[in-house]
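Letter by letter, the chains look like this.
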Amino acid sequence: MLRRAGRRTNLGLLLLLVGSFATGWVAFATAGVVSARVASVAHGVLGLGLVVLTPWKVVVARRAPRLTPASLGLAAVVVVCLVAGVVEVLAGPDVRGGGLTPIQVHVGAAFVIVAFLVEHVSRHWRPRLLRVSDLGRRRLLRTAAFGAGAGVTFLAVDVVGRLSGTNAARASTGSHPIAPADIPATTWLLDRVPVLDGATHRVNVGGTPLSVDDLDRRGGPVSARLDCTTGWYADAVWTGVALSDLLPAQALDVARSVLVTSVTGYRRRFPLDALPRLFLATRVEGTLLATGTGAPVRLVAPGHRGFWWVKWVASVELSTVPAAAQSPFPLQ
Ligand code: HEM
Ligand code: HEM
Ligand SMILES: Nc1nc2c(c(=O)[nH]1)N[C@H]1C(S)=C(S)[C@@H](COP(=O)(O)O)O[C@H]1N2
Ligand SMILES: [Mo]
């Protein structure tokens, strides 16, 4: 069977790599119970499909006139990416390598894969990589057998996780649980941690400066899950006020989105129908926020992944720009 190794092996690798890269970002973006599960299963099956194709690819590589350092480098980063992905699933963000979480290594490796792959595919490009005959019944059956192999590999990793007990309480996004008291100070990419004075800080809400005391007094309990893409989540009770209770109703008529901006410049834009479920929070589990986790005021956005929970809020502004007109992920 390995003698068949060749064009379809390479085509399969290409589709799996493109598919894993794309579904990884979907897994990062979603918070819904079903959508997150679908994304992480699809991502895991596509990614582990690479492992199933390895024996055939080894045949392709051994048949080549010579092995090049760039292609061996590609193989090495693919291994790093896969190992980091599986470590994330089995062990979670507490395992560090060189100060980095498994997901940081994983996504970093994925970017390097893209660069190496562009080089590899352009060097080895053959015409007619995909052929109509690939859609014939026997070929599709063989593809289905590969799919089953990838599915079994995915389940094997899942079962190992469950048996070793590390996976029991994972969220549908795949994140591992932590206690509210252990929520780490997390930045998306390169944001700084500002030290603000809660006594003098004002949050500009629709043009009105609000004191932290005022917000704290008006705050009520909000149960929400903070789920960070680095692979942890915490269920906690925050103290916050809904944005819909702070913004003047008549101003909503002309607006199309609400822009929440941090003193650092980090910002996220939300559609107006999210307003009743967005909160300016001053406390977690009854305790005032710590500097690293957004003091004195942060956004609590139940149902949104952690990167939407803008910390150190400076302003909340209504805007006529639609919420879709922003980068899907922060750039800071
Ligand atoms: C996991 C990703 C991949 C790895 C690690 C990998 C690695 C390799 C290696 C080590 C070789 C031996 C030749 C050399 O060193 O350049 C090779 C050959 C080859 N690769 Fe890949 N490859 C990957 C994906 C792909 C993809 C996606 C394509 C095309 C769409 C492709 C097309 C080819 C072709 C056509 C050859 C044969 C070259 C010959 O026999 O002269 N590879 N690959
Ligand atoms: C070509 C690139 C990629 C490959 C081959 C790959 C492969 C994998 C594999 C094999 C796993 C373990 C799956 C499991 O056992 O359930 C994994 C997990 C994961 N990957 Fe990727 N991945 C890639 C790119 C990305 C990117 C770009 C992102 C995000 C932007 C990402 C996010 C994740 C996350 C969040 C997990 C953990 C999922 C969970 O806990 O269920 N991956 N990846
Ligand atoms: N201003 C600002 N807000 C931010 C971030 C950031 O880097 N800058 N990181 C976000 C990310 S990625 C997450 S997961 C949460 C983390 O909150 P924590 O620091 O309380 O864990 O804050 C979000 N809010
Ligand atoms: Mo995050």
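- By the naming in an unreviewed UniProt entry, the protein chain goes by Oxidoreductase molybdopterin-binding domain-containing protein and is assigned to Microlunatus spumicola.

1. With respect to the UniProt feature "domain: Oxidoreductase molybdopterin-binding" (unreviewed entry) in the protein chain
Next up, step 1: The UniProt record marks residues 193-322 with the feature "domain: Oxidoreductase molybdopterin-binding" (unreviewed entry), using the residue numbering of this structure.
Next up, step 2: Within the segment residues 193-322, helix and strand shares are 5% and 44% respectively, and the terminal C-alpha atoms sit 29 Å apart.

2. Considering the site of ligand 1
Next up, step 1: Around ligand 1 there are 22 residues in total, and Lys-57, Thr-68, Ser-71, His-120 and His-124 lie nearest to it.
Next up, step 2: Side-chain polar atom of His-120 to a nitrogen atom of ligand 1: 2.8 Å apart, as the coordinates give it.
Next up, step 3: When contributions to the shell around ligand 1 are tallied by element, the ones reaching two or more residues are helix H1 (7-29), helix H2 (33-63), helix H3 (69-90) and helix H4 (102-124).
Next up, step 4: In terms of residue class, the shell around ligand 1 is built from 13 nonpolar, five polar and four charged.

3. Some thoughts on the site of ligand 2
Next up, step 1: Taken together, 26 residues form the shell around ligand 2, and within it Gly-24, His-43, His-106, Phe-154 and Arg-170 come nearest.
Next up, step 2: Side-chain polar atom of His-106 to a nitrogen atom of ligand 2: 2.7 Å apart, as the coordinates give it.
Next up, step 3: In this structure, Arg-170 approaches ligand 2 through a side-chain N or O atom, which is 2.7 Å from an oxygen atom.
Next up, step 4: Residues of the shell around ligand 2, tallied by class, amount to 15 nonpolar, nine polar and two charged.

4. Re the pattern of salt bridges
Next up, step 1: This model, assessed by the stated rule, comprises seven salt bridges.
Next up, step 2: Among the salt bridges present, the one from Arg-7 reaches Asp-134, with a minimum N-O distance of 3.0 Å. Of this pair, Arg-7 sits in helix H1 while Asp-134 sits in the loop between H4 and helix H5 (137-163), and the two are 127 residues apart along the sequence.

5. Looking at the coordination of the iron atom of ligand 2
Next up, step 1: For the iron atom of ligand 2, the full set of protein donor atoms is His-43 (NE2) and His-106 (NE2), at a range of 1.9 Å.
Next up, step 2: Considering all six donor atoms around the iron atom of ligand 2, the spread of angles at the metal, 88 to 180°, places the coordination shape in the octahedral class. With His-43 in helix H2 and His-106 in helix H4, this pair connects stretches of sequence that are 63 residues apart.
Next up, step 3: Of the residues examined, His-106 reaches a relative accessible area of 15% and is grouped as buried.

6. Points about the packing of H1 against H2
Packed helix pairs are specified by the crossing angle of their axes together with the interaxial distance, meaning the distance between the axes.
Next up, step 1: For the pair H1 and H2, interaxial distance at closest approach is 8 Å and the crossing angle is 155°. Our classification of the angle between H1 and H2 gives roughly antiparallel. As H1 packs across H2, the resulting crossing turns out to be left-handed. Between H1 and H2, the residues in contact are Thr-9, Asn-10, Gly-12, Leu-13, Leu-16, Leu-17, Gly-19, Ser-20, Thr-23, Gly-24, Val-26 and Ala-27 and Ala-39, Ala-42, His-43, Leu-46, Gly-47, Gly-49, Leu-50, Leu-53, Trp-56, Lys-57 and Val-60, respectively.
Next up, step 2: Of the residues in the contact of H1 with H2, the class split is twelve nonpolar, ten polar and one charged.

7. Structural notes on the coordination of the iron atom of ligand 1
Reference values for angles at a metal are 109.5 degrees in the four-donor tetrahedral case and 90 or 180 degrees in the six-donor octahedral case.
Next up, step 1: Distances from the iron atom of ligand 1 to its protein donors, Lys-57 (NZ) and His-120 (NE2), fall within 2.0 to 2.1 Å.
Next up, step 2: On the accessibility criterion, Lys-57 (22% relative accessible area) is partly exposed.
Next up, step 3: On the accessibility criterion, His-120 (14% relative accessible area) is buried.

8. Remarks on a nonpolar patch on the surface
Next up, step 1: On the surface, a nonpolar cluster with roughly 310 Å² of combined accessible area is contributed by Val-33, Val-34 and Val-38.
Next up, step 2: With respect to the element layout, Val-38 can be found in helix H2.

9. Concerning the nonpolar core
Next up, step 1: Ranked by size, the top nonpolar core spans 47 residues in total, and within it Trp-238, Leu-243, Phe-270, Leu-280 and Val-316 carry the most contacts.
Next up, step 2: The element contributing the most residues to this core is strand E5 (residues 232-242), with six residues.
Next up, step 3: Listed in part, the 13 residues of the second largest apolar core include Leu-13, Leu-17, Ile-113 and Leu-117.

Thresholds, definitions, all that
Along each chain, the written sequence defines residue order, and numbers are assigned to residues from 1. Here the convention is simple: chains get letters from A, ligands get numbers from 1, in the order in which they are written. The predicted origin of the model limits local features to residues at a pLDDT of at least 70 and limits the giving and counting of side-chain atom pairs to 80 or more, whereas totals for whole chains, interfaces and linings rest on all residues. Working from all heavy atoms in the structure, the side-chain values ignore hydrogens and water. UniProt positions are given in the numbering used here, feature names are shortened, and annotations may be inferred rather than shown by experiment. Numbered from the N terminus, helices here are DSSP runs of H or I no shorter than four residues, and strands are runs of E no shorter than two. In these notes, residues near a molecule or strand are those with any non-hydrogen atom within 4 Å of it. N or O atoms within 3.5 Å of each other form a polar contact, as long as, within protein, one can give a hydrogen and the other can take it, and as long as residues adjacent in sequence are counted only when both atoms are side-chain atoms. Throughout, the ten residues Ala, Val, Leu, Ile, Met, Phe, Trp, Tyr, Cys and Pro are labelled nonpolar, Asp, Glu, Lys and Arg are labelled charged, and all others, Gly among them, are labelled polar. Salt bridge, as applied in this entry: a Lys or Arg side-chain nitrogen positioned within 4 Å of an Asp or Glu carboxyl oxygen. Any N, O or S atom lying within 2.8 Å of the metal counts as a donor, and for Na, K and Ca the limit rises to 3.2 Å; water is left out, so some sites can look incomplete. Sites are called tetrahedral only when four donors show all angles between 85 and 135 degrees, square planar or octahedral only when four or six donors show opposite pairs over 155 degrees and all other angles between 65 and 115, and irregular in any remaining case. Any residue under 20% of the maximum accessible area for its type is buried, any over 50% is exposed, and the rest in between are partly exposed; the area is computed with a 1.4 Å probe on protein chains only. Note on geometry: axes are C-alpha line fits, over the in-contact stretch for helices, and angles between N-to-C directions span 0 to 180 degrees. Roughly parallel means an angle under 35 degrees; roughly antiparallel, over 145; roughly perpendicular, 65 to 115; everything else is oblique. By the definition used in this description, the sense in which the near helix is turned from the far one sets the handedness, with an anticlockwise turn below a right angle giving left-handed and a clockwise turn giving right-handed. Contact definition: two residues touch when any of their heavy atoms are within 4.5 Å. Two distance rules govern patches: like charges are joined within 9 Å, and nonpolar side chains (Val, Leu, Ile, Met, Phe, Trp, Tyr) within 5 Å, applied only to residues with over 30% relative accessible area and no salt bridge. Only the protein chains shown count as cover for residues, with accessible areas throughout obtained via the Shrake-Rupley method and a probe of 1.4 Å. Nine residue types can take part in a nonpolar core, namely buried Ala, Val, Leu, Ile, Met, Phe, Trp, Tyr and Cys, and a core is a set of them joined through side-chain atoms within 4.5 Å.

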